[in-house]
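A structural walkthrough
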Amino acid sequence: MVSLPHRSVLHGAVTAPCLCCPKGKDQFDNLEKHTQWGIDVLEKYIKFVKERTEIELSYAKQLRNLSKKYQPKKNSKEEEEYRYTSTRAFLATLNEMNDYAGQHEVISENMTSLITGELTRYVQELKQERKSHFHDGRKAQQHIETCWKQLEASKRRFERDCKEADRAQQYFEKMDADINVTKADVEKARQQAQLRHQMAEDSKAEYSSTLQKFNSEQHEHYYTHIPNIFQKIQEMEERRIVRIGESMKTFAEVDRQVIPIIGKCLDEITKAAESVDHKNDSQMVIEAFKSGFEPPGDIEFEDFTQPMKRTVSESSLSNSRGDGKSEPKFGGKSKGKLWPFIKKNKGAGPEDFSNLPPEQRRKKLQQKVDELNRDIQKELDQRDALTKMKDVYIKNPQMGDAASVDHRLSELAQNIEKLRLEVQKFEGWLAEVEGRLPARNEQPRRQSGMYEPQNPSAVNSCAQDRESPDGSYTEEQSQETEMKVPATDFDDEFDDEEPLPTIGTCKALYTFEGQNEGTISVAEGEMLYVIEEDKGDGWTRIRRNEDEEGYVPTSYVEVYLDKNAKDVYKPLQKISE
């Protein structure tokens, strides 16, 4: 730091400007202004750091709100979506951003405590110290000015007494030389002159003493008091400069301390991103939405060079639109009743999940079984706890009445029995579904109605067995009988239901053998009505006539949606023809 203007080194001696003169006063005032400017700079820096802490807190709050906004809601569909690696990585990113926000809160807290708080206290101390130093300086200045005034007064008095003594001496000499003046007047003038000379001598002695004292005070003032005061002011100013420099260093260190933790947060986000497995996510989608049906087999070659009757694929439309002699297939009843599973959904689905495709139904049943088993375990844990409590009451009757838990134990036993019956019921349905699902290694062949030309006799025999009275082919009676379900009273509640309106038509691209409940068989090229679009599970609900409707794989049909489609049979029959 450049030396303050109150000090200068001349030939090794420390001198100070005279504060009695305007120049000295100006230098003292300049120091006072400079130190006040230093305090203003310090307060400005405190304000800067305070605003930085507020920004850090606001940023941290916004980050936390952002992370909370995109967190999955409990017991919602979003929570199920976070089983995929990509969404789990996103969840990890949200959690790390929460920790990232916490580090910015740490920055704000440390800056507030280590910089803002400390500097605020220091500024108060600095102001008090500065006030004390300048008070001492003003006091010393006033003291030397008072001494100077005393010296000036003593000097003027000495000067006045000397002049009066000279006049008295001159008057005495004049009186003494005048012969006309009496001796008494001369003596009186002589005494007056002596008195004035004595007063001058006394004023001289007083002036000399006052001057000696002032010189001593002035030397002490300019070489001791004022330099000490200015030295303290300089040290105070230097401490202020050092303190603000240390605060700036702390400002950087507070940020540097959280960099490793912020780096770990970013590393965790990178690690989560690298854990994304597209193959695993795709497989989970497959497992979630697979229907359980095997894809159709290859279409056999139809040899038109040999004379033969029309195939099933060519005559299925006329069969289904004929005079009604053929029976409804796979779930239809003679009275036109629908299976319960294709009942119009007006609320919750059936208890056995029969409205779902086989694989989806199996998963739902398995989930229900697992849920019931967990409930049973909870009831068993409660029963065990109450049993132990009862034993304690029996051994220590003062702790409680053992009979008070009997009622609760009875309720638990009934609940456990009910839950076990429920588990048996759902396990039965689960076993039924698992028994119906085709084995993975079976490759069913797609039926197009074409018979093997290498065995003409078998072709003729099969054709005769499958030929209907109007000359078209129908499904084998044994298969039809096997797939039919007798009408029950349970089905009667659906008799009076209003059928769903059609929303378009579709054309079967391949033959589909509907062998499961709720499905319907279609032949390649057959035209049908669409009554419900694919809801994302890979199944489309169609209707052949008033008595037959069900689900087919969406990939097996080409859908033509028409909002003005009418639920009548003849227009569709004309289109197919």
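Details of the structure are given in the entry above.
These notes cover the structure that comes with them. For every chain, the first residue of the written sequence is number 1, and numbering continues from 1 along that sequence. Owing to the predicted nature of the model, reporting of local features is limited to residues with pLDDT of at least 70; listing and counting of side-chain atom pairs is limited to 80 or more, with chain, interface and lining totals taken over all residues. Note that the side-chain values use all heavy atoms of the structure and ignore hydrogens as well as water.

Things to note about the overall build of the protein
Across its full length, the protein carries 12 helices and 7 strands. In this scheme, a residue with accessible area under 20% of its type's maximum is buried, one over 50% is exposed, and one in between is partly exposed, where area comes from a 1.4 Å probe on protein chains only. The buried share of the protein, reckoned over its 577 residues, is 34%. At a minimum sequence separation of 6, the contacts of the protein that also span at least 24 residues come to 76%. Surface summary for the protein: the accessible area is close to 35800 Å², and the carbon and sulfur share equals 51%. Where helices and strands are cited, they refer to DSSP runs of H or I of at least four residues and of E of at least two residues respectively, numbered from the N terminus. The contact definition used throughout considers only heavy atoms, calling two residues in contact when any of these lie within 4.5 Å. Accessibility throughout is a Shrake-Rupley quantity obtained with a 1.4 Å probe, and a residue counts as covered only by protein chains that appear here.

Thoughts on the pairing of strand E3 (residues 504–508)
Within E3, 4 of the 5 residues are buried, which leaves it mostly tucked inside the rest of the structure. Whether two strands pair depends on DSSP finding at least two bridges between them. Pairing of E3 with strand E4 (residues 527–532), which is carried by 4 bridges, proceeds in the antiparallel orientation. Bridge pairing links Lys507 to Met527 in E4. With 5 bridges connecting them, E3 and strand E7 (residues 557–561) associate as antiparallel partners. Bridge pairing in E7 places Ala508 opposite Val557.

Here's the deal with the pattern of salt bridges
Any carboxyl oxygen of Asp or Glu that lies within 4 Å of a side-chain nitrogen of Lys or Arg is treated as forming a salt bridge with it. One pass over the structure, following the stated rule, counts 26 salt bridges. The salt bridge involving Glu32 is made with Arg138; its shortest N-O contact spans 2.7 Å. One end of the pair, Glu32, is in helix H1 (residues 22–69); the other, Arg138, is in helix H3 (residues 85–177), with 106 residues separating them in the sequence. Arg138 sits in the partly exposed class, given a relative accessible area of 28%. Close ionic contact of Lys163 with Glu159 constitutes a salt bridge, the shortest N to O distance being 3.5 Å. On the criterion of helical spacing, the pair formed by Lys163 and Glu159 is a turn pair, its members being 4 residues apart in helix H3. Connected through salt bridges with shared partners, the residues Glu532, Arg541, Arg543 and Glu549 form a single ionic network.

Here we look at the environment of Tyr510
With respect to the element layout, Tyr510 can be found in the loop between E3 and E4. C-alpha of Tyr510 to C-alpha of Ser555: the two residues are 45 residues apart in sequence and 9.0 Å apart in space.

Structural notes on the nonpolar core
Leu42, Tyr45, Met111, Ile115 and Phe230 are the most contacted members of the largest nonpolar core, which totals 30 residues. Mapped by element, the contributors of at least two residues to this core are H1, H3 and helix H4 (183–274). With 11 residues, the single largest contributor to this core is H3. Here, nonpolar core refers to any group of buried Ala, Val, Leu, Ile, Met, Phe, Trp, Tyr and Cys residues whose side-chain atoms link them within 4.5 Å. Formed by 13 residues, the second largest nonpolar core is a distinct cluster that contains Ala508, Phe512, Val522 and Leu528.

Some words on a nonpolar patch on the surface
A patch consists of residues exposed above 30% relative accessible area that lack any salt bridge, with like charges linked at up to 9 Å and nonpolar side chains (Val, Leu, Ile, Met, Phe, Trp, Tyr) linked at up to 5 Å. A cluster of nonpolar residues, Leu66, Tyr70 and Phe90, forms a patch on the protein surface that exposes about 280 Å² of accessible area. Position of Phe90 relative to the elements: it lies in helix H3.

Topic: the sheet that holds E3
What the 5 strands build is an open sheet, ordered E6-E5-E4-E3-E7; its pairing is antiparallel. Both outer strands of the open sheet, strand E6 (548–553) and E7, are each paired with one neighbouring strand and no more. For this sheet, the mean angle separating the axes of adjacent strands, direction not counted, is 40 degrees. As paired elements, E4 and strand E5 (residues 539–545) share 3 bridges and run antiparallel to each other. Across the sheet, Glu532 pairs through a bridge with Arg541, a residue of E5. The axes are straight lines fitted to the C-alpha atoms, using for helices just the contacting stretch, and the angles between their N-to-C directions are given from 0 to 180°.

A closer look at H4
Here, expected helix span is obtained from the residue count minus one, scaled by 1.5 Å. Spanning 92 residues, H4 covers 133 Å between terminal C-alpha atoms, matching the ideal 136 Å at 1.5 Å per step. Two axes enter the bend calculation: one fitted to the seven residues ending at the residue in question, the other to the seven starting there, and the bend is the angle between them. Along its length, H4 reaches its greatest deviation from straightness, about 45 degrees, at His221.

Brief notes about the pairing of E6
On a regular strand, one side chain projects to one face of the sheet and the next to the other, so that they alternate. Most of E6 sits out of view: 6 of its 6 residues are buried. With burial as the criterion, each face of E6 is covered, one bearing Glu548, Gly550 and Val552 and the other bearing Glu549, Tyr551 and Pro553. The hairpin turn running from E5 into E6, its antiparallel successor, is 2 residues long.

Keep in mind that these numbers describe shape and distance, not what the molecule does.
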